[in-house]
Amino acid sequence: MDSINVLKGYGKVNPEHHLEVQAQKIPQPPKRPIITTLVISAAVGLTFVIGLMLAALIHESITEPIDESPSLSSSAESTIKIVCNVTRYPESCFTSISSLNSSPKPDLESILKLSLQVSISELSHLSSVLKTMNSDAAIRDCRDQVEDALSQLNDSVSAMVVGKALTEAKVKDVQTWISSAVTDQETCLDGLEEMGSASVDDVKKKMKKSMEFTSNSLAIVANFKAILDKFSHIPLH
């Protein structure tokens, strides 16, 4: 019987022993080094801090008021562009006037004055140049025409007295004077061509800017009433 029992027990495995063997065979997951864990934690923390800083910067850039140039605010820029759009040379009109403007909210009269100042400055320069050229009859006549144009523009500025409203009658006078200044320059060129002056092309180049600026001034005053309709805060008596 003992031999039979021994045979029956042969080949059987103790359950507890079997579990121990399996446990030994199952590979254990490798333990994550402490340094790696610390590095990951630091990276996550740094990312969070950077995110907060970016959010603060974006909020500040949105809420902070725009620092406009004291010489030309967006309001002044818009106003000058509207006025210059009635001219034949809107780009030269805007560039020349805005370079002299110092008011954040210029009115139409002040813009016209600045336009006249630009025209006078350029004509004065032209007059000086003509005095250095050959003193033939055509050039002398042209120089006289330019001097007369300067006189007409100076009369226009004098009519726009500070503190006094620019009446409709004055606007018409100013328009007449500026128109005469434009005609004077055209007469200068016509005279040079008629007399066959060799300097006609040179004078045309030198007169290009003064012609543009004077034309701009004339367009502004000629459209004075129409422009005023867009700026109701400026009265015309």
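All right, on to the nonpolar core then. Membership of the largest hydrophobic core comes to 42 residues, with the highest contact counts inside it found for Ile97, Leu192, Val203 and Met207. Counting only elements with at least two residues in this core, the list comes to helix 4 (74-84), helix 5 (90-100), helix 6 (108-131), helix 7 (137-159), helix 8 (168-194), helix 9 (200-222) and helix 10 (224-228). At nine residues, helix 6 tops the list of elements feeding residues into this core. With residues up to four places along the chain from it excluded, the contact list for Leu192 reads Ala138, Ile139, Cys142, Ser197, Val200 and Val203.

The next subject is helix 7. An ideal rise of 1.5 Å per residue puts 33 Å on 23 residues; helix 7 measures up with 34 Å between its terminal C-alpha atoms. Those residues of helix 7 that sit buried are Ala138, Ile139, Cys142, Arg143, Gln145, Val146, Ala149, Leu150, Gln152, Leu153, Ser156 and Ala159. Where helix 7 is buried, its residues touch helix 6, helix 8 and helix 9.

Time to look at the state of the cysteines. All chains considered together, the criterion is met by two disulfides. Each disulfide pairs two cysteine sulfurs, and for Cys142 the partner residue is Cys188, the sulfurs being separated by 1.6 Å. Taking the sign of the S-S torsion, about -60° here, the bridge from Cys142 to Cys188 comes out left-handed. A residue pair is termed long-range when its members are at least 10 positions apart, and Cys142 in helix 7 and Cys188 in helix 8 qualify at 46 residues. Judged by its relative accessible area of 1%, Cys188 falls in the buried class. In the chain, the cysteines engaged in disulfides, taken in order along the sequence, are linked 1-2, 3-4.

Another point: the pattern of salt bridges. A full pass over the atoms with the stated rule returns six salt bridges. Glu212 serves as the salt-bridge partner of Lys208, at 2.7 Å between the closest nitrogen and oxygen. Placement of both Lys208 and Glu212 in helix 9 is noted, with a separation of four residues, approximately one turn of the helix. When its relative accessible area of 14% is taken as the criterion, Glu212 is described as buried.

Take helix 4 next. Every buried residue of helix 4 is accounted for by Ala76, Thr79, Ile80, Val83 and Cys84. Along the axis of helix 4, the buried residues cluster in a sector spanning 130°; they form a single face.

Counting all residues, the mean pLDDT for the chain is 78, and 66% of those residues have values of 70 or more. Ranking the elements of the chain by mean pLDDT puts helix 1 (residues 2-9) last, at 41, and helix 9 first, at 96. Taken together, the stretch residues 1-26 has pLDDT below 50 and engages in one contact with residues farther than four places along the chain or on a different chain. Here residues 61-72 scores under 50 on pLDDT; set against residues more than four positions off or in separate chains, the count is ten contacts.

Glancing now at the packing of helix 8 against helix 9. Where helix 8 meets helix 9, the axes come as close as 10 Å, and the angle between the chain directions of the two elements is 165°. Classified by the interaxial angle, the pair formed by helix 8 and helix 9 is roughly antiparallel. The handedness of the crossing between helix 8 and helix 9 comes out as left-handed. Taken together, the residues of the contact of helix 8 with helix 9 sort by class into 15 nonpolar, seven polar and three charged.

Rules used in this analysis
- Residues numbered from 1 in each chain as written.
- Predicted model: local features only at pLDDT ≥ 70, side-chain atom pairs only at ≥ 80, totals over all residues.
- Heavy atoms only, no water.
- Core = buried A, V, L, I, M, F, W, Y, C linked by side-chain atoms within 4.5 Å.
- Buried < 20%, exposed > 50% of the residue type's maximum accessible area, 1.4 Å probe, protein only.
- Helix = DSSP H or I, 4+ residues; strand = E, 2+ residues; numbered from the N terminus.
- Contact = heavy atoms within 4.5 Å.
- Expected span 1.5 Å × (residues − 1).
- Disulfide = S-S within 2.5 Å.
- Salt bridge = Lys/Arg side-chain N within 4 Å of Asp/Glu carboxyl O.
- Arc of directions from axis to C-beta.
- pLDDT = per-residue confidence, 0-100.
- Axes fitted to C-alpha atoms, helices over the stretch in contact; angles between N-to-C directions.
- Parallel < 35°, antiparallel > 145°, perpendicular 65-115°, else oblique.
- Left-handed = near helix turned anticlockwise from the far one by under 90°.
- Nonpolar A, V, L, I, M, F, W, Y, C, P; charged D, E, K, R; others polar.

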